[in-house]
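# Structural characterization, general
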Amino acid sequence: MKERISALLKREPKADIVTAEGWVRTKRDSKTVCFLEVNDGSCLKGLQVVIDKEQFANDGLLSSITTGSSVICKGPIVASAGGSQDVEMSSLDVTLVGECPVDTYPLQKKRHTIEYLREIAHLRPRTNMFGAVTRVRNTLAYAVHQYFQENGFVYVNTPIISSSDAEGAGQQFLVTTLDPTNPPRTKEGAVDYGQDFFGKKSFLTVSGQLEGETYAMAMKNIYTFGPTFRAENSNTKRHLSEFWMVEPEMAFCDIEGNMEVAESFLKYLFKAVLENCSEDMAFFSNFVEKGMEDTLRSIVDTPFVRLPYTEAVKELEKHSKNFTFPVAWGSDLQSEHEKFLTEVVFKSPVIVTDYPKDIKAFYMKLNADGKTVRGMDVLVPRLGEIIGGSERESNLDTLTKRMVEMKLNPEDYWWYLDLRRFGSVPHAGFGLGFERAVQYVTGMGNIRDVIPFPRAPRLADF
Ligand code: 4AD
Ligand code: MG
């Protein structure tokens, strides 16, 4: 395997000839030498390549190399005389692989707004910021697998196309091959999905949880990590229509065990980026969210606050004048309430538990009070909800009743109910919105900037 620039930058000065391949970020000329900064996405910094102009005097090559062009440079790594780098390449040979016309290249050397970069999502990974986001996202994804593999969880791939609504909230994208202008009809005049590709109405999944639960009932501890889809018309800085979710599910586990895993999992992820992405995290701490690294360090060392919903509402009611949306027992916490709890009241991540049953999904375990369920949301400063989960209802009758109450047809969930018929056990799990995690650790303001190609209402470019 060829060495990446990150590895070349760690080399000691030495006479052997090495190769650097990448894209030119900047080019500076003096009378006798030309300096290229070549970046290959392996780290924030590029490799400074110093070219002796005399060597290339006549071939016009140097003038054809511009910001954005791709090059292969060969030469020894030497100690750098000036600037911020320890080493640089003293180039003996440069090949221009792909030119990059200065007048039409959308990524000029100047600073671009983040909104403009969103319009050129195919080129934005070539910027410092999006390169850093991409590397941090990669490190987090790897850490997700490491955490669960180290703790005995089995990775399970749940389907992307599903005929059941895992959240029962009706926010699904329909998957159909029927002709929208002339679909087959039933006798009653409704669209006849019996004649559709899957022989029944099918959707993109909103969550792998229900299928995940089936595997937890055999493998004990499992996790999924895959794309999920929500046809929810939310144009906010923390909602996507397509996002990745990490969903562990644990048999023989209650809400306490669930909270323990959620907290230790998040801390593991935060530690992983602090340890493995220090250069990128310093960039985010300096230019995106001041002090983010210190914040993460202190979070890793401090227990999360745990707070029943009823207590949270009491606390929020004391400050009701601060909010646009009223706070009252029975209504869902709005993002402003979640932020207030984490940023003002506790200055820490908070796990809110035991929500009213009417604002949560049908599968959450009903508490003895008959009014609340064993749900848990992990809230963090700036973002609000980062994890949603619960202990699951493991009693067949209670679960069936809850489905009927929530206007779901138990027959559609026959296989899910079977899990409560055959060897049912207390079990629990949660879902981490992967982009929310990337957004949180980087401090990026808009979730559309932490996924390569965001999908949101009226947005599916590229
Ligand atoms: O709270 P949610 O809807 O929970 C579930 O889907 C459960 N089935 C999870 C489980 O228990 N296995 O979603 C889980 C997390 C949220 O806390 C949030 O971080 C993220 O997924 N999320 C979104 N992220 C980006 N865009 C959206 N539209 C999101 N909706 C939820
Ligand atoms: Mg939720």
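Please refer to the structure placed before this passage.
Residues numbered from 1 in each chain as written. Chains lettered and ligands numbered in written order. Predicted model: local features only at pLDDT ≥ 70, side-chain atom pairs only at ≥ 80, totals over all residues. Heavy atoms only, no water.

Here eight strands make up an open sheet; going across it, the order is E7-E11-E12-E17-E16-E15-E14-E13 and the pairing mixed. Single-partner strands in this sheet number two, and they are strand E7 (154-155) and strand E13 (305-308). In this structure, strand E16 (residues 384-391) lies alongside strand E17 (residues 427-433), joined through five bridges in antiparallel fashion. When the sheet's bridge partners are listed, Glu391 is paired in E17 with Ala428. Across the sheet, helix H6 (residues 255-276) touches strand E12 (242-251), E13, strand E14 (350-356), strand E15 (372-380), E16 and E17, and the angle it forms with E17 is around 30°. Seen against the sheet, helix H13 (residues 434-442) touches strand E11 (221-229), E12, E15, E16 and E17 and runs at an angle of roughly 55° to E17. (Pairing = 2+ DSSP bridges. Helix = DSSP H or I, 4+ residues; strand = E, 2+ residues; numbered from the N terminus. Contact = heavy atoms within 4.5 Å. Axes fitted to C-alpha atoms, helices over the stretch in contact; angles between N-to-C directions.)

The interhelical angle for the contact between helix H7 (residues 278-287) and helix H8 (residues 292-300), taken along N-to-C directions, is 115°, at an axis separation of 7 Å. Considering the angle they form, H7 stands roughly perpendicular to H8. Residue-level inspection shows Ser278, Met281, Ala282 and Ser285 of H7 in contact with H8, the latter providing Met292, Glu293 and Leu296. Partitioning the contact of H7 with H8 into residue classes produces four nonpolar, two polar and one charged. (Parallel < 35°, antiparallel > 145°, perpendicular 65-115°, else oblique. Nonpolar A, V, L, I, M, F, W, Y, C, P; charged D, E, K, R; others polar.)

What follows deals with the sheet that holds strand E9 (residues 174-175). An order of E8-E10-E9 is seen for the three strands of this open sheet, with the pairing classed as antiparallel. Edge positions in the open sheet fall to strand E8 (161-162) and E9, since each of these has one partner strand only.

Quick look at the packing of aromatic side chains now. Under the definition given, this model contains 22 aromatic pairs. Their ring planes at 45° and their centres at 5.6 Å tell us that Phe270 and Tyr440 sit as a pair that is tilted. Here Phe270 is found in helix H6, whereas its partner Tyr440 is found in helix H13, with 170 residues between them in sequence. Exposure class is identical for Phe270 and Tyr440. Each is buried. Ring centres 5.4 Å apart and planes at 40° place the aromatic pair Tyr309 and Tyr355 in the tilted group. Taken as a pair, Tyr309 in helix H9 (residues 309-317) and Tyr355 in strand E14 lie far apart in primary sequence, 46 residues in all. Residue classification places Tyr355 among the buried residues on the basis of a relative accessible area of 0%. (Phe/Tyr/Trp six-rings, centres within 6.5 Å; stacked < 30°, edge-to-face > 60°. Buried < 20%, exposed > 50% of the residue type's maximum accessible area, 1.4 Å probe, protein only.)

A few words on the nonpolar core. The biggest cluster of nonpolar side chains holds 58 residues, and the ones touching the most others in it are Phe265, Phe270, Leu296, Ile386, Ile387, Leu432 and Tyr440. Looking at this core, the element that brings in the most residues is H6, giving 11 residues. Setting aside its immediate chain neighbours within four residues, Phe265 contacts Val144, Tyr147, Phe148, Val246, Phe430 and Leu432. Judged by nonpolar contacts, the second largest core, of 22 residues, contains Val38, Phe56, Leu62 and Val94. (Core = buried A, V, L, I, M, F, W, Y, C linked by side-chain atoms within 4.5 Å.)

As a further point, take the site of ligand 1. By nearness alone, 24 residues border ligand 1, and Glu167, Gln209, Glu247, Glu385 and Ile386 come closest of all. A distance of 2.9 Å is found between a nitrogen atom of ligand 1 and a backbone nitrogen or oxygen belonging to Leu240. Here a nitrogen atom of ligand 1 and a side-chain polar atom of Glu247 are 2.7 Å apart. For ligand 1, whose accessible area on its own is 630 Å², the fraction buried by protein is 93%. Among the secondary structure elements, those contributing two or more residues to the shell around ligand 1 are E12, E16 and E17. Ranked by the residues each element gives to the shell around ligand 1, the list is headed by E16, at five residues. Split by residue class, the shell around ligand 1 holds eight nonpolar, eight polar and eight charged. (Near = heavy atom within 4 Å. Polar contact = N/O pair within 3.5 Å; in protein donor to acceptor, adjacent residues only side chain to side chain. Areas by Shrake-Rupley, 256 points an atom, 1.4 Å probe, with all protein chains shown as cover.)

This next bit is on a nonpolar patch on the surface. Taken together, Ile160, Ile161, Phe197 and Phe198 make up a surface patch of nonpolar side chains, about 390 Å² in accessible area. Within the secondary structure, Ile160 sits in the loop between E7 and E8. (Patch = residues over 30% accessible without salt bridge, like charges linked within 9 Å, V, L, I, M, F, W, Y side chains within 5 Å. Salt bridge = Lys/Arg side-chain N within 4 Å of Asp/Glu carboxyl O.)

Turning our eyes to something else, we now look at the pattern of salt bridges. Scanning the model with the defined rule gives 26 salt bridges in all. When the shortest N-O distance is used, the salt bridge between Lys2 and Glu21 registers 2.7 Å. Of this pair, Lys2 sits in the segment before helix H1 (5-9) while Glu21 sits in strand E1 (residues 14-29), and the two are 19 residues apart along the sequence. Classification of Lys2 by relative accessible area gives exposed; the value is 58%. Taking the relative accessible area as the measure of exposure, Glu21 reaches 31% and is therefore partly exposed. In this structure, Asp418 engages Arg421 in a salt bridge whose closest nitrogen and oxygen atoms are separated by 2.9 Å. Of the two residues, Asp418 and Arg421 both sit in helix H12 (residues 414-421), three residues apart, roughly one turn of that helix. Assessed through its relative accessible area of 21%, Asp418 is described here as partly exposed. For Arg421, a relative accessible area of 44% gives the class partly exposed.

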